[in-house]
Amino acid sequence: MPGSPGGALVWGSPWLDPWGPRCFILHLAALLLYNARHYSANACLIPICSLYGAAITTVEGIGNTKSRIHPVQERIAKCHGSQCGFCTPGMVMSIYALLRNHPEPTSEQITEALAGNLCRCTGYRPIIDGCKTFCKVSRSKFNNQNCCLDVEENPSSLDKEKVVKLFTPEEFQPLDPTKELIFPPELMVMANDQQKRTLIFHGERITWISPVSLKELLELKTSFPRAPLVVGNTSVGPDMKFKGVFHPIIISPARILDLNLVNYTKNGLTIGASCSLALVKDILENAVLELPRENTKVFCALLQQLKTLGGQQIRNMASLGGNIIQRHTTSDLNPVLAAGNCTLSVVSLRGRLQIPLNEQFLTGFGNAILQPDEILVSVHIPCSETGEFVSAFRQAQRRENALPIVNAGMRVLFKSGTDTIMDFSIFYGGLASTTICVNKSCQSLIGRCWNEQMVGDACRLVLEEVSIPGFTQDGRAEYKQTLIVSFLFKFYLQVLQGLRQMYPCRYHDMPVRWMSILQDFQTRIPQSSQKYQVNPEQLPQDPVGRPIMHQASIKHATGEATYCDDIRAVDKELFLAVVTSSRPHAKIVSSCALFKMAHSKQYFHQSNFFYLLQVNCVGQIVCAVVADSDVHAKRATVKVKITYEALEPVILTIEEAIKHNSFFDPERKLEQGNVDEAFETVDHVLEAGEIYIGGQEHFYMETQSVLVVPKGEDKEMDVYVSSQHPTFAQELVASVLNVPSNRVMCHVKRVGGGFGGKVTKPAILAAITAVAANKTGHAVRCILDRGDDMLITGGRHPFLGKYRVKYKLGKVRAADIKSVTESSFFPYPKIMETALLRMDNAYKIPNLRFWGHACKTNLPSNTAFRGFGFPQSALVTESWITDVAVKSERQSGSNYIFYWTNSLVHIYTDGSVLVTHGGVELGQGIHTKIMQVTSHELRIPTSYIHVCETSTVTVPNTRPTAASIGTDINGMAVKNACQTLLKRLAPIKEKNPEGTWREWVREAFHQSISLSATGFFRGYDTNMNWEKGEGHPFEYFVYGTACSEVEIDCLTGDHKNIRTDIVMDVGCSINPAVDIGQIEGAFVQGVGLYTMEELTYSPKGVLCTRGPDQYKIPAVCDIPEHFSVSLLSSSQNPRAIYSSKAIGEPALFLGCSVFFAIKDAIAAARKERGLPGNFTLNSPSTPEWIRMTCVDQFTKMKWGGDCFK
Ligand SMILES: Cc1cc2nc3c(=O)[nH]c(=O)nc-3n(C[C@H](O)[C@H](O)[C@H](O)COP(=O)(O)OP(=O)(O)OC[C@H]3O[C@@H](n4cnc5c(N)ncnc54)[C@H](O)[C@@H]3O)c2cc1C
Ligand code: FES
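Since the model is a prediction, treat every value here as computed from it, not as a measurement.

Caption draft 1: Fine view of the overall build of the protein. For the protein, the count of helices and strands is 35 helices and 40 strands. Going through the 1205 residues of the protein one by one, you find that 61% of them count as buried. Long-range contacts, defined as pairs at least 24 residues apart, comprise 76% of the intrachain contacts of the protein with a sequence gap of at least 6. With an accessible surface of roughly 46,700 Å², the protein has 53% of that area assigned to carbon and sulfur atoms.

Caption draft 2: How the structure looks around the site of ligand 1. Around ligand 1, the structure places 32 residues, and the nearest of them are Val231, Gly232, Thr234, Ser319 and Asp332. Within the backbone of Gly232, an N or O atom sits 2.8 Å from an oxygen atom of ligand 1. Contact distances for ligand 1 include 3.3 Å between an oxygen atom and a backbone N or O atom of Thr330. Compared with its free state, where it exposes 980 Å², ligand 1 has 91% of that area covered by protein. Elements supplying a minimum of two residues to the shell around ligand 1: α13 (320-325) and β10 (375-382). In terms of residue count, the dominant contributor to the shell around ligand 1 is α13 (three residues). Broken down by class, the residue content of the shell around ligand 1 amounts to 19 nonpolar, eleven polar and two charged.

Caption draft 3: Summary view of the sheet that holds strand β13 (residues 421-429). As summarised here, the arrangement of the four strands in space is β11-β12-β13-β14, forming an open sheet in which the pairing is antiparallel. Every interior strand has two partners, whereas the edge strands, β11 (388-396) and β14 (436-437), have only one. Of the strand pairs in this sheet, β11 and strand β12 (residues 404-414) are connected by nine bridges, and their pairing is antiparallel. Pairing of Phe393 across the sheet is with Ala408, part of β12. Running at roughly 145 degrees to β11, helix α18 (residues 477-502) makes contact with β11, β12 and β13 of the sheet.

Caption draft 4: Region of interest: the packing of aromatic side chains. This structure, assessed with the given rule, holds 22 aromatic pairs. Ring geometry for Phe489 against Trp514: centres 5.4 Å apart, planes inclined by 85 degrees, an arrangement best described as edge-to-face. Of this pair, Phe489 sits in helix α18 while Trp514 is found in helix α19 (residues 512-515), placing the two residues 25 residues apart along the sequence. Here the two residues Phe489 and Trp514 agree in accessibility, since each one is buried. Each ring, one from Phe1034 and one from Phe1037, has its centre 6.3 Å from the other, and the planes form 65 degrees; the classification is edge-to-face. Exposure remark for Phe1034: the relative accessible area of 8% places this residue in the buried category. Its relative accessible area of 37% is what places Phe1037 among the partly exposed residues. Among the aromatic residues, those joined into a cluster by ring pairs are Phe389, Phe393, Phe414, Phe424, Trp450, Phe487, Phe489, Phe491, Tyr492, Trp514 and Phe1194. Stacked on the ring of Phe865, the Lys or Arg Arg796 has its end atom at 4.2 Å from the ring centre. Cation over ring: Lys1159 sits above Phe1175, and NZ or CZ is 5.6 Å from the ring centre.

Caption draft 5: Layout of unusual backbone geometry. The residue after Glu648, namely Pro649, is reached through a cis peptide bond having omega -10 degrees. Secondary-structure assignment places Pro649 in the loop between β20 (640-646) and α22 (654-659). Cis rather than trans, the peptide bond between Asp665 and Pro666 has omega equal to -5 degrees. Take Pro666: it is sitting in strand β21 (residues 663-672). In this structure, Tyr124 is a non-glycine residue whose phi angle is positive, near 70 degrees. With respect to the element layout, Tyr124 can be found in the loop between α4 (107-114) and α5 (125-132). The phi dihedral of Arg939 is positive, around 55 degrees, even though this residue is not glycine.

Caption draft 6: Looking closely at the side chain of Gln497. Mapped onto the elements of the fold, Gln497 is located in helix α18. A relative accessible area of 16% means that Gln497 is categorised as buried. Not counting residues up to four positions away in its chain, the partners in contact with Gln497 are Met510, Met515 and Leu518.

Caption draft 7: Quick peek at the confidence of the model for the protein. On average, the protein scores 88 in pLDDT, and the residues at 70 or more come to 90%. Confidence over residues 138-161 falls short of pLDDT 50; this stretch has 42 contacts with residues more than four positions distant or in other chains. Predicted confidence for residues 887-898 stays below pLDDT 50, and this span has 62 contacts to residues more than four positions away or in other chains.

Caption draft 8: Main features of the sheet that holds strand β6 (residues 262-265). Reading across from one edge, β6-β7-β10-β8-β9 is the order of the five strands in this open sheet, with antiparallel pairing throughout. Each edge of the sheet is formed by a strand with only one pairing partner; in this case those strands are β6 and β9 (351-356). The mean inter-strand angle of the sheet, taken between neighbouring strand axes irrespective of direction, is 20 degrees. Note: strand β8 (residues 343-348) against β10, five bridges, orientation antiparallel. Note on β10: the bridge partner recorded for Thr343 is His380. Strand contacts of helix α8 (residues 214-223): β8, β9 and β10, with the helix running at about 120 degrees to β10, the strand carrying the most contacts.

Caption draft 9: Representation of the pairing of strand β24 (residues 717-721) in the model. In terms of residue burial, β24 counts as a mostly covered element, since four of its five residues are buried. Summarising the sheet, strand β23 (residues 705-710) and β24 pair through five bridges and their orientation is antiparallel. By the bridge assignment for β24, Pro710 is matched with Met717. Count of turn residues in the β23/β24 antiparallel hairpin: six residues, of which Gly712 carries a positive phi of about 90 degrees. Summarising the sheet, β24 and strand β25 (residues 744-748) pair through four bridges and their orientation is parallel. Note on β25: the bridge partner recorded for Tyr720 is His747. The handedness of the β24 to β25 crossover, carried by helix α24 (residues 726-737), is right-handed.

Caption draft 10: Focus on the UniProt feature "binding site: [2Fe-2S] cluster 2" (unreviewed entry) in the protein. Following the UniProt record, the feature "binding site: [2Fe-2S] cluster 2" (unreviewed entry) maps to Cys84, Cys87, Cys119 and Cys121 here. Sequence-wise these annotated residues cover 38 residues; spatially they are packed, their C-alpha atoms never more than 9.5 Å apart. Among the secondary structure elements, Cys119 is positioned in the loop between α4 and α5. In this view, Cys119 contacts Cys87, Met91, Tyr124, Ile127, Met701 and Ile1113; residues no more than four positions away in its chain are not counted. In this structure, Cys121 sits in the loop between α4 and α5. Here Cys121 falls in the buried class, since its relative accessible area comes to 5%. The contact partners of Cys121, leaving out residues within four places of it in the chain, are Gln83, Cys84, Phe755, Gly1077 and Gly1081.

What counts, and where the lines are drawn
- Each chain has its residues counted from 1, following the order in which its sequence is written.
- Here the convention is simple: chains get letters from A, ligands get numbers from 1, in the order in which they are written.
- Note on the predicted model: pLDDT of at least 70 is required for a residue's local features to be given, and 80 or more for side-chain atom pairs to be given and counted; whole-chain, interface and lining totals, by contrast, use all residues.
- The basis for every side-chain value is the complete set of non-hydrogen atoms in the structure, without hydrogens or water.
- Helical segments are the DSSP runs of H or I of at least four residues, strand segments are the runs of E of at least two, and each set is numbered from the N terminus.
- Burial classes: relative accessible area under 20% of the type maximum marks a residue as buried, over 50% as exposed, and values in between as partly exposed (1.4 Å probe, protein chains only).
- Whether two residues are in contact is decided by their heavy atoms: any pair within 4.5 Å suffices.
- Here the accessible surface of atoms and residues is derived via Shrake-Rupley with a 1.4 Å probe, and residues count as covered only by protein chains that are part of the display.
- Whether a residue is near a molecule or strand is decided by its heavy atoms; if any one of them lies within 4 Å of it, the residue is near.
- Side-chain atoms alone can form a polar contact between residues adjacent in sequence; in general such a contact is a pair of N or O atoms within 3.5 Å, and within protein one must be able to donate a hydrogen while the other accepts it.
- Basically, the charged four are Asp, Glu, Lys and Arg, the nonpolar ten are Ala, Val, Leu, Ile, Met, Phe, Trp, Tyr, Cys and Pro, and anything else, Gly included, counts as polar.
- Two strands qualify as a pair provided that DSSP identifies no fewer than 2 bridges between them.
- Axis angles are defined between N-to-C directions and span 0 to 180 degrees, where every axis is a line fitted to C-alpha atoms and, for a helix, only to the segment in contact.
- For Phe, Tyr and Trp, where Trp contributes only its six-membered ring, two rings pair if their centres lie within 6.5 Å, and the inter-plane angle classes them as stacked under 30 degrees, edge-to-face over 60, or tilted in between.
- The criterion is that NZ of a Lys, or CZ of an Arg, lies within 6 Å of the ring centre and within 35 degrees of the ring normal, and then a charge sits over that ring.
- By definition, pLDDT measures how confident the predictor is in each residue, and it falls between 0 and 100.
- The path from the first strand over the helix to the second decides the hand: if it runs clockwise while the strands point away from the viewer, the crossover is right-handed.
- UniProt positions are given in the numbering used here, feature names are shortened, and annotations may be inferred rather than shown by experiment.

Dropping the structure here:
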């Protein structure tokens, strides 16, 4: 139990994701050991004071490369479950916690344990594959499912070519629970022996008090009525961290026994208010197993909500009382607890009260809310009775681990032996500031029979009673209105089914099409297969073409891999925080920053210190503050006051830009054939088609990070930056400091995900930080919070595509497509150019014309993002293709412009080889592939080779690691260096052919032969003449195809990805495990782009989606239940190294197969209802879009309307 005496907390790495008020912190996890139970938790949410007497295990504590790695670390690493590795410690700790409680978990437990962890790189499949190996049933299940583990055993399912495994489970260490850490005996002794006393911790600004008796707690609450009781801190913590709420005194009730008791009686359950939601779930599950079904309706409805409420880490910490007391509209429990007639036991020094958890309590009417000196002790949840039905509903942006858009708890009680309503209650969340009750409607339905007329009237009445303002803050009024009645209809069917089971003779079978409504989508552990080819002639020691594990994956899994913020603090290091514009378009009139804060360095402290005269978007960096800690620096930013003078116009959308003619020049055009003529001659025309593709946030797990260390001599600076383009950071820093580039040494060990978002943006932050370091003479670190990162850095360019198409006999003869990108206030012409060049996708249309124009808005500048315009432009193309042809094969082509690069290879006299090259390790496995190339070229084992950081010191003038070209160009440069070295060693090898590598190297050293070489690759000649519309912009194409199957819930807009099969042409893969990982990861990111990830802005241009609670990227629940990837065999590509192909980006577009599957499903639903098949579905196809395009009587119902026919 959280914080119980003798409890122990175990958590992961010290780097806390700056989570936004909303969180699943990924690379950290915590475990609480108490009574042999272990809990994972989010380290960022746990107050340090609550850990008194706790034992903490971090990811480093369960295993490391110096002693022994833990089986979880080994399996996730060896199953290729880490790419950039930033999320990996969190994944490891979630599964470790599960295994401590359940050494042979079920697949459901694995998906549940991982539901609160996010990964932006892998697409989850390999992580799950690693974790599945712990399941007792995994082998037999896999045998039925054609899993990768069984491909050799089941060759008939595959082509003739030899297929090998991506990993070898036989080599995994067994999980041995006897080798696990034990709970520290000294803490146990301390918990048992020490006399319980009140604990008081004083911080810089906050006092934490942890009493031991209820009486003392009540006295404290009377003395400090405004002090919150902090249990899980999942609500108070985020408010303090991100919303500026400050509590000088915090009271912790964790050690009060009364609040942790559970009492079973024949009337129901009484659960202590401090019990965690995870414990509540366990208690309810046990009760459901033990009690007769008819008594557990409320329990089952609560369990339904608890399954998806937060992630496991949140449920482990969040308390039942905390969820209830705040009366948040997003509480998933309150609607059910209220509908289920639960009561609250409340106590103060004045005495004890029983308060019904009802409408009055939820709306805070009269004396129904708790007084400041009162506390909630327990909650009584009654058993249901015969003839009583209780259900829970929720719809969120993502099925799991997302706050609900609307939720509901509904209960009906029938007169004994009849279907006559005796009591009826419905509570909705998400519609107003708190949970609301539609009591009037329910009351007027009492006495009615449970039939269609009743539900029709109920819908009408409910809509009359609930009024949602036409404009809701989240702009979802119509959708919410539809959900209200859709949930009611679902409840009607559920109860009808229940009545049918009770009285089979009285009710007809339910129509089949309604039966599916009764089943909710479940998250099942995905079954997957991967297929690739190996060359049977290849020497066994040659690593090229083999699924070699990412060279850093073990270090990722043990937490030893170092990211920018892990670099140890430098003496007297300072921290920088940025101040950003709060206006979308304004002149800065004046500014001042009056810091009188302890510890803050008054770096910018006078009035009017800005050089920036005008701001063009909210989130534009205006100035920066430096202090001795990041907390102090952030606190100081609030003291900077800026006076603005608003400028017109403020342009926030593509439509507004078109209206104001706000464009960047030039407009680009590409044409082939004669479009105008074709339009005059061909008969069938698709007029005025349109699709909008929303932007996308990179959501790399490691936010923008930089550390600048002045070296103290000759103006030299070391810049450690999480960047895809160290040379650009070097040049920008040198330029702002007015020093030559040779004084700035840029280092990148690894990047925790980039996806294009760390090509240009980190250089800006590096330059700002370098100015501060230069000015103060101290090392300065700047790590952006998630919220700031999202606000400042921009993302994928939104697109609007408009098209006219002429076709005949199923063949497209001519297409005229206009597209507009939203470029913000800084042009990025290459995006539009690349988008146009790739817009024909895999189709050959004789008469084709593309126009492309970038518009200027007052939003943060967008930037490169995986696919670089192609995912947007190709979706436009697929959209008009699908509009024209009902069924079409979807194929993707993608292509790149290549650049030069170089490398440096040293051979040391002990035979070891150090390789540096111009590519940055972003998780895409470039260093692993480079090791394979080096090994292949020098014919030495990979164990001899080390690839260290990417640095401007060793490899100058690098190009960005972007556009998937890293291995293409750096591999060639390394090959070139290796060949130079081999040539030098050739005479020695010839003289001593039986010698070893080390002998040859030593001999070369004795002969004074240089054992160091640079390599160079000049890239390919690509060109494009936009005036003539001609050129050779791409060297080669990557092909791929995907087929996806989905199921949609026409009543809620939810969808489930059932199956995806991908075939991808990657040429001869250098590393199939890495390439398949890139394909799966990109695909899932594409699924996010096209179906989930939605950026929203306020009418004043402020990005609202600034953290993981508002911006949903795919989680484990979103990957296809059956997911297969095959690499096309016999594909050759003489233009790239070892006949391989660039693969980092193309598969992202294949995510649109899910989008079009959803569109087809909606079309089928519309057809059933006699609605036209042509309708607009914009991207992302969120639950709201899906529901509202599945038009039915519920979507048409208006407030006070009478439409239930
Ligand atoms: C990432 C994330 C996802 C979430 N997802 C969901 C979701 O999907 N659905 C959902 O319903 N909720 C969700 N929540 C909310 C979560 O359930 C609540 O924050 C949690 O239950 C609050 O409990 P706590 O112990 O952490 O509260 P704390 O933060 O510790 O306290 C919250 C408040 O409750 C008061 N309080 C606590 N106990 C008592 C008591 N015994 N008597 C009087 N006052 C008391 C405190 O004074 C304080 O004001 C989510 C939260 C997070 C962080
Ligand atoms: S490996 Fe999971 S976020 Fe990069």
